[in-house]
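# Descriptive structure summary
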Amino acid sequence: MATALVNARVLTEHGFIAGQAVLIENGRIADVVAESDARVRAAQQHDLAGRMLVPGFIDAQVNGGGGVLFNDAPNVETIRCIAHAHRRFGTTGLLPTLISDDVEVMRAAIAAVDAAIAQGVPGVLGIHLEGPYLAAARKGVHDATKFRVPDAAEIELAASLHQGKTLLTLAPECVPAQTLRDFVARGVVLAAGHTAATFAQTRAALDAGVRGFTHLYNAMTPLTGREPGVVGAALADRDSWCGVIVDGHHVHPAALRIALAAKPRGKIFLVTDAMPPVGSASPSFRISGEIATVRDGLLTTPDGTLAGSVLDMAQAVRNTVAWLDVPLDEALRMASTYPADFIGLGASHGRIASGYMADLVALDDELRVRATWIGGAVEEYS
């Protein structure tokens, strides 16, 4: 029997619309119709009490959650725990993110994501390999002893996911242009990050197939007058996407407003770069041999190095509206539509429209998550 989500303000490409029902059949959106439509009367109705119904959030950079880190135990249960922890905050699709590690860990992580998708673990869309092809000068919390240049075997490994999307963050100056083209030819989505590249090197990488930038401004060469750097290349390029961490710690709001003004609409999207404390009572965890701890919302190692974030997607949306002068409907697209477009799922995810996956979020007026649907299956929250 079809399900009809009724009595909601539905986010469409034209903004919020009341008086519309979302029909769900077989895990997908069958149609968006007037509530008076006969199909609504024939369906099992779910009354949303006037709440907002928006596309499910898609997070392309999730290192951990629920007290676990993907690198520590790259298996299906870890992925399940991370996805479940983030779902409570509106994330209905994510890329479990592996930071720079050995070949054996990469192989296990890719196999785990394949298995998780095959087993139907809710919300898993693929994998994000953040490294290990990065620049030591911009390593952040990554372990530089893991950094290397990919050979032919590693190109095949990084592109070996059978189901879902693969996003690979790399430093373009550390990887030959032909290797970039080889990754792209195998369906890998490339992003520049943890990079000390010049503007010219970054521009060449974009021409070779790099599609986006991982956590814009962080761990990359800045924009200056004579050398625009990676940030300048990102802001000047109209075709690429930029992920941003809107937590008040990674990037100043003014810098984010500049990025939004520079890039075409739809090219800036939200990520969390979330770590194990999200959805967990524990404020600390071990990463790259060090203990990272949350204090006043800031997650660092003992020397003050940022170690990801404790941001969730619902809070990222709230921050974007409050700090960046972004209208609510656009902030919600930055959390759903635009990341789907970036990773190549824009035809099936990130929108409320006929034929799209029934991955949805119900929000109250304070932008708190009250329910989520993944493939039409609902979870409700008090």
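Relevant structure appears above.
Just so you know, these numbers come straight off a predicted model, no measurement behind them.

Before going further, it helps to spend a moment on helix α9 (residues 313–324). In an α-helix, one turn spans 3.6 residues, which is why side chains three or four residues apart end up on the same side. Between the first and last C-alpha of α9 there are 15 Å, a value that for 12 residues agrees with the 16 Å anticipated at 1.5 Å per step. Among the residues making up α9, those that are buried are M313, A314, A316, V317, N319, T320 and L324. Among the structural elements, β6 (57–62), β9 (91–99), α8 (253–262), β15 (268–270), α10 (328–334) and β20 (369–374) are those in contact with the buried residues of α9.

What follows concerns helix α2 (residues 76–87). Helix length check: α2 (12 residues) gives 16 Å between terminal C-alpha atoms against 16 Å at 1.5 Å per residue, within 8%. Of the positions making up α2, those classed as buried are V76, T78, I79, I82, A83, A85, H86 and R87. At the N-terminal end of α2, a side-chain oxygen is found 3.2 Å from the backbone nitrogen of E77, two or three residues along, and the residue is N75.

Here we take up the pattern of salt bridges. Applying the stated criterion across every chain, the model contains 17 salt bridges. R265 is paired through a salt bridge with E330; the nearest N and O atoms lie 3.1 Å apart. You can see R265 sitting in the loop between α8 and β15 and its partner E330 sitting in helix α10, a full 65 residues away along the chain. What makes E330 buried here is its relative accessible area of 15%. With its nearest N and O atoms 2.9 Å apart, the salt bridge here joins R368 to D364. Through salt bridges with shared partners, one network takes in R265, D329, E330 and R333.

What follows concerns the side chain of D101. Within the secondary structure, D101 sits in the loop between β9 and α3 (103–118). Buried charge without a partner: D101 forms no salt bridge, and the closest opposite charge is K146, 4.2 Å away. One polar contact links D101 to N71, side chain to side chain, over a distance of 3.0 Å. With residues near it in sequence (within four places) discarded, D101 still touches N71, M106, P132, K146 and R148.

Looking down a regular strand, the side chains alternate between one sheet face and the other. Here strand β12 (residues 189–192) shows two buried faces, one formed by V189 and A191 and the other by L190 and A192. As defined by bridge partners, strand β11 (residues 165–170) adjoins β12 across four bridges and the pair is classed as parallel. Each residue of the ladder has a partner; that of L170, found in β12, is A192.

This next bit is on the nonpolar core. By size, the foremost hydrophobic cluster in this structure holds 90 residues, and its most contacted members are F57, F183, L270 and L363. Looking at which element gives the most residues to this core, the answer is α3, with seven residues. Setting aside residues no more than four positions away along its own chain, F183 makes contact with Y133, P150, I155, A158, L168, L170, V188 and L190.

Thresholds applied
Residues numbered from 1 in each chain as written. Predicted model: local features only at pLDDT ≥ 70, side-chain atom pairs only at ≥ 80, totals over all residues. Heavy atoms only, no water. Helix = DSSP H or I, 4+ residues; strand = E, 2+ residues; numbered from the N terminus. Expected span 1.5 Å × (residues − 1). Buried < 20%, exposed > 50% of the residue type's maximum accessible area, 1.4 Å probe, protein only. Contact = heavy atoms within 4.5 Å. Polar contact = N/O pair within 3.5 Å; in protein donor to acceptor, adjacent residues only side chain to side chain. Salt bridge = Lys/Arg side-chain N within 4 Å of Asp/Glu carboxyl O. Lys, Arg positive; Asp, Glu negative; His and termini not counted. Pairing = 2+ DSSP bridges. Core = buried A, V, L, I, M, F, W, Y, C linked by side-chain atoms within 4.5 Å.

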